[in-house]
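Take a look at the letters that make up each chain.
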Amino acid sequence: MSPFEPSAENAVEIRGLSVTYRGSGKSVRAVKDCSLRIRRGEIIGLVGESGSGKSSALMAIPRLLPAGTLVTGQIICDGTDIANLSEEELNKWRWRRIALVPQGAMNSFTPHLSIERHITEVLTCHMGMSRREGRERAADLALTAGLETSILTRYPHELSGGQKQRAALAAAIACDPDFLLADEPTTALDVITQSEVLETITGLARRRGMGLLLVTHDLPLAAGVCDRLAVMKDGLIVEKGLSRQIVTEPAHDYTKKLIEAIRAMEKPPEVLP
Ligand SMILES: Nc1ncnc2c1ncn2[C@@H]1O[C@H](COP(=O)(O)OP(=O)(O)OP(=O)(O)O)[C@@H](O)[C@H]1O
Ligand SMILES: [Mg+2]
């Protein structure tokens, strides 16, 4: 992407994004000069092996990386550079414009709060709803996320992994965001539940015209549901393009290797009784 290309309305994009963690030890440059655009109504897959920098790139968008992390480059939402917003302004963007299902969402619920409370909290804090309005809306959101409303009174430990991921999704879409960032939303689930939850997320994005950034290490899964893919390795986006094109004509050696490895796994084992 040319740095001189005008920024798109109806899109969130990162331009020349670099992320460096500066902890007690050596600093880690997790994302290196990456650019990516997610238009409304489009599903983008960010794929790559563990540690390639996917979550770092995703968490940089709503500016939710740990304090002290060095972030350079631009993050532009509907023409506004998010980097220039105050924390107060940014809080208005989070949830309402850009919502997040973080990696490991199913393990990050507060144990002593009911599922209903988790969802209503988002609505009272970010949409100014009363608790009563919030509770009514929570029931709609649960249904939209594929949950029965009876789970609302339950506590996180009383839900299955798939139900928890759906509850995290219900909370993320509570403010009807324009963009949804979903980090490995189905990774810890069995294959059937994985595909059902993924269908709910992508179906929702399509119906609502949201822009969806789906982060996963699973290339075939991403290729099956995403319009476009970006492949990350060692902090760099090494390839991006239409999903079909990336799968059928990968240009970068790393993508070629990934696809060869998947094909090899798909081959029937030679030694079978
Ligand atoms: N808070 C942190 N402090 C220091 N280094 C970090 C921190 N978070 C991530 N890293 C490092 O940044 C690099 C990229 O990590 P990141 O979590 O973005 O990868 P990922 O592609 O999301 O991996 P996974 O598929 O396992 O979730 C890794 O080398 C990781 O060790
Ligand atoms: Mg990650």
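## Let's talk about the overall build of the chain
Okay, step 1: Looking only at helices and strands, the chain has nine helices and ten strands in total.
Okay, step 2: For the chain, whose C-alpha radius of gyration is 19 Å, the value lies close to the compact-globule estimate of 19 Å for 273 residues.
Okay, step 3: The principal-axis extent of the C-alpha atoms belonging to the chain is close to 60 × 55 × 40 Å.
Okay, step 4: Going through the 273 residues of the chain one by one, you find that 48% of them count as buried.
Okay, step 5: In the chain, the share of contacts with a sequence separation of at least 24, taken over all contacts with a separation of at least 6, comes to 65%.
Okay, step 6: A total of about 13,500 Å² of accessible surface is found on the chain, and carbon and sulfur atoms cover 51% of it.
Okay, step 7: Distance between charge centres in the chain, computed from 33 positive and 34 negative side chains, equals 3 Å.

## Comments concerning helix α6 (residues 191-208)
Okay, step 1: Between the first and last C-alpha of α6 there are 26 Å, a value that for 18 residues agrees with the 26 Å anticipated at 1.5 Å per step.
Okay, step 2: Those residues of α6 that sit buried are Thr193, Gln194, Val197, Leu198, Thr200, Ile201, Thr202, Gly203, Leu204 and Ala205.
Okay, step 3: Of the surrounding elements, those touching the buried residues of α6 are β3 (43-48), α4 (131-144), α5 (161-172), β7 (179-183), β8 (211-216) and α7 (219-225).
Okay, step 4: The backbone nitrogen of Ile192 has a side-chain oxygen 3.1 Å away, supplied by the residue at the start of α6, namely Asp190.
Okay, step 5: Positive backbone phi, approximately 65 degrees, marks Gly209, located one or two places after α6.

## A short note on the site of ligand 1
Okay, step 1: Close to ligand 1 lie 14 residues, the nearest being Ser50, Gly51, Lys54, Ser55 and Ser56.
Okay, step 2: At 2.8 Å, a backbone N or O of Gly51 approaches an oxygen atom of ligand 1.
Okay, step 3: In the complex, the protein chains occlude 63% of the 640 Å² of accessible area that ligand 1 would expose alone.
Okay, step 4: Mapped onto the shell around ligand 1, the elements with two or more residues apiece are β2 (28-39) and α1 (54-60).
Okay, step 5: Sorting elements by how many residues they give to the shell around ligand 1 places α1 first, with three residues.

What counts and what doesn't
Residues numbered from 1 in each chain as written. Chains lettered and ligands numbered in written order. Predicted model: local features only at pLDDT ≥ 70, side-chain atom pairs only at ≥ 80, totals over all residues. Heavy atoms only, no water. Helix = DSSP H or I, 4+ residues; strand = E, 2+ residues; numbered from the N terminus. Rg over C-alpha atoms; globule rule 2.2 N^0.38 Å. Buried < 20%, exposed > 50% of the residue type's maximum accessible area, 1.4 Å probe, protein only. Contact = heavy atoms within 4.5 Å. Areas by Shrake-Rupley, 256 points an atom, 1.4 Å probe, with all protein chains shown as cover. Lys, Arg positive; Asp, Glu negative; His and termini not counted. Charge placed at Lys NZ, Arg CZ, Asp CG, Glu CD. Expected span 1.5 Å × (residues − 1). Polar contact = N/O pair within 3.5 Å; in protein donor to acceptor, adjacent residues only side chain to side chain. Near = heavy atom within 4 Å.

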